[in-house]
Amino acid sequence: MAVVTVVGASGALLSVTINDDAAYSLAQFYAASVNDIAFSGVLAASDLAPDGTAAAIPNGEIGEAVIMAPGSYDVPNGYSYVTVAANVPVTLNEGKTVSPTSVLAGTGGTTLYGGIGGGFFIAGGGNNLFSGGAGNYVVATGDGNSSIYGGIGSDLIQGGVGFNQIFTGAGNDAVYSRGTDLIYLGSGNSAVYLTGSHSIVSSSVGASAIYDGGNYDSFASGPASTVLVGGNSGSYSFSGNATVSGGSNDTITAAANTTVFGGVNTTVFQNGTGALAFIATAGESATVGGGNRSASVYGADGANITYLGASGASTLVAQSGNETLNGGLSTGAVDLFAGSGNDSLAGGSGADMLVGGTGASTLTGGAGSANTFMFLSSNVGANITITDFGSAAGNLVNLFGFGANEAQTALATAVNTSTGGSSITLSNNTTITFTSLDADQLKAHGTQFISS
């Protein structure tokens, strides 16, 4: 708890209690402004009557209305400051104001109905109600449970550490939430900064930017676009196009076109008609569900990605590090591309294509009956292991860019390995090991090798 001191009527010093750091910073600014005006000799401070009666402000002076008792007050036009000096419930109506008016109140609980002039509303604590008008407001409430309704102006709202209900309006608003808040974003474009926990945010038709630095927060978007930076164990659902930077242990559900930048142990599901792109974070795990639409998944060094796709065509691409791209639970067709590291790639029950890279990769086609293992002549000197070639009659090895005779030539090099499998060497010095077939068995599958 802190106290700011403000010069009031007849030079009296007014003490206002503030129970919040953010509100206290603004209260200090308010007090410094009023006190500087008083020191300059141009402060016209007057006690305000409930009917809004106050002394006229002399020309060249700046008005401060002072409230010392509970009740409802109409704020007269022309007053730049309103100081609620007693920690009592007060209702203020700025409907008559046309110029900016700043209000400083303590912990008694204050209701403010805004006007077209805008200004500051600083409440030190208690349960407060703010209803904005057409003006632009800066709102900061203390540690009580407050209800804050933005108007058609563009507002900056700082809720306290309690449980707040915040509704933005038609303006372009910014919300700083530090408690456990219910936040509904209106038709304007909004930015929300979360540092508390268990807050619930939803948007309507305005575009939004959400920065979640808290824990266990949730967000549900409307049809407009969203940019979101994830927090810890957040739950985020997007109806419109979205760009998301994953946090830690976040769950993301997307319906429209969505790009997700990794995070730690992120879970992503595409359940709509949009395309999904997922870019992994190095060294981290993620689960990605592509649904019935197309999905593109890009690995990273040390990443471990589990992919679940239904009927959509999907692409999983390894990068330069050592990574795992596992589509074993996918029922749709998946194209998997190995990179330059020691990668592990696995298909599911669809007709998958697995493309060897330039590193030492392990390829598993999965339960699909028509998997294709492709090798490019430009990927020189790779060392590839295929774990289940021949398990289905439709499996193929496609040697692309080598020439028409490469398959026959390569099969002629087949030798047994010490572990019961076999290996062949391509003309670009790539070695392919088949763990499930010895050399004679591999040659018997010669019709499943094609080259061009």
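Please refer to the structure placed before this passage.
Scope of this entry: the structure provided in the associated data block.

The rules behind these values
Residues numbered from 1 in each chain as written. Predicted model: local features only at pLDDT ≥ 70, side-chain atom pairs only at ≥ 80, totals over all residues. Heavy atoms only, no water. Core = buried A, V, L, I, M, F, W, Y, C linked by side-chain atoms within 4.5 Å. Buried < 20%, exposed > 50% of the residue type's maximum accessible area, 1.4 Å probe, protein only. Contact = heavy atoms within 4.5 Å. Helix = DSSP H or I, 4+ residues; strand = E, 2+ residues; numbered from the N terminus. Polar contact = N/O pair within 3.5 Å; in protein donor to acceptor, adjacent residues only side chain to side chain. 1 Å grid on protein atoms, 1.4 Å probe; cavity = no way out; pocket = protein on both sides within 12 Å on 5 of 7 lines; lining within 4 Å. Points joined across faces, edges and corners; volume = space filled by probe spheres on them. Nonpolar A, V, L, I, M, F, W, Y, C, P; charged D, E, K, R; others polar. Pairing = 2+ DSSP bridges. Salt bridge = Lys/Arg side-chain N within 4 Å of Asp/Glu carboxyl O.

**Side note on the nonpolar core**
So, step 1. By size, the foremost hydrophobic cluster in this structure holds 78 residues, and its most contacted members are Leu92 and Phe375.
So, step 2. Apart from residues no more than four positions distant in its own chain, Phe375 is found in contact with Gly356, Leu363, Ile384, Ile386, Val397, Asn398, Leu399, Phe400, Phe402, Leu426 and Ile432.
So, step 3. Listed in part, the 18 residues of the second largest apolar core include Val4, Leu26, Tyr81 and Val138.

**Quick look at the environment of Ser204**
So, step 1. Along the chain, Ser204 turns up in the loop between β19 (200-203) and β20 (208-212).
So, step 2. At 2.9 Å, the side chain of Ser204 forms a polar contact with the backbone oxygen of Gly186.

**A short note on the side chain of Ser190**
So, step 1. As for its placement among the helices and strands, Ser190 is situated in strand β18 (residues 190-194).
So, step 2. Residue contacts for Ser190: discarding those within four places in its chain leaves Thr168, Asp173, Leu185, Ala207, Ser208 and Ala209.

**Re empty space enclosed by the protein**
So, step 1. Under the counting rule described, the total for this entry stands at 1 cavity of 30 Å³ or more.
So, step 2. In this structure, the largest cavity occupies an estimated 40 Å³ of space.
So, step 3. Lining the largest cavity are Gly356, Gly357, Phe375, Leu376, Asn379, Ala382, Ile384, Phe402, Leu426, Asn428 and Thr430.
So, step 4. Considered class by class, the residues forming the lining of the largest cavity number 6 nonpolar, 5 polar and no charged.

**A word on the pairing of strand β24 (residues 242-245)**
So, step 1. Residues of β24 alternate between two faces, with Ala242 and Val244 buried on one and Thr243 and Ser245 left unburied on the opposite face.
So, step 2. Where strand β22 (residues 226-229) and β24 come together, 4 bridges link them in parallel fashion. Considered in β24, the bridge of Leu228 is made with Val244.
So, step 3. As defined by bridge partners, β24 adjoins strand β26 (residues 258-261) across 4 bridges and the pair is classed as parallel. Its bridge partner being in β26, Val244 is matched across the sheet by Val260.

**Some words on the pattern of salt bridges**
So, step 1. All chains considered together, the criterion is met by 1 salt bridge.
So, step 2. A salt bridge links Asp20 to Arg178; its shortest N-O distance comes to 2.9 Å. Remark: Arg178 occurs in the loop between β16 (173-177) and β17 (182-185) and Asp20 occurs in the loop between β2 (13-18) and α1 (21-39); sequence separation between them is 158 residues.
So, step 3. Classification of Asp20 by relative accessible area gives buried; the value is 6%.
So, step 4. By relative accessible area, which is 24% here, Arg178 ends up partly exposed.

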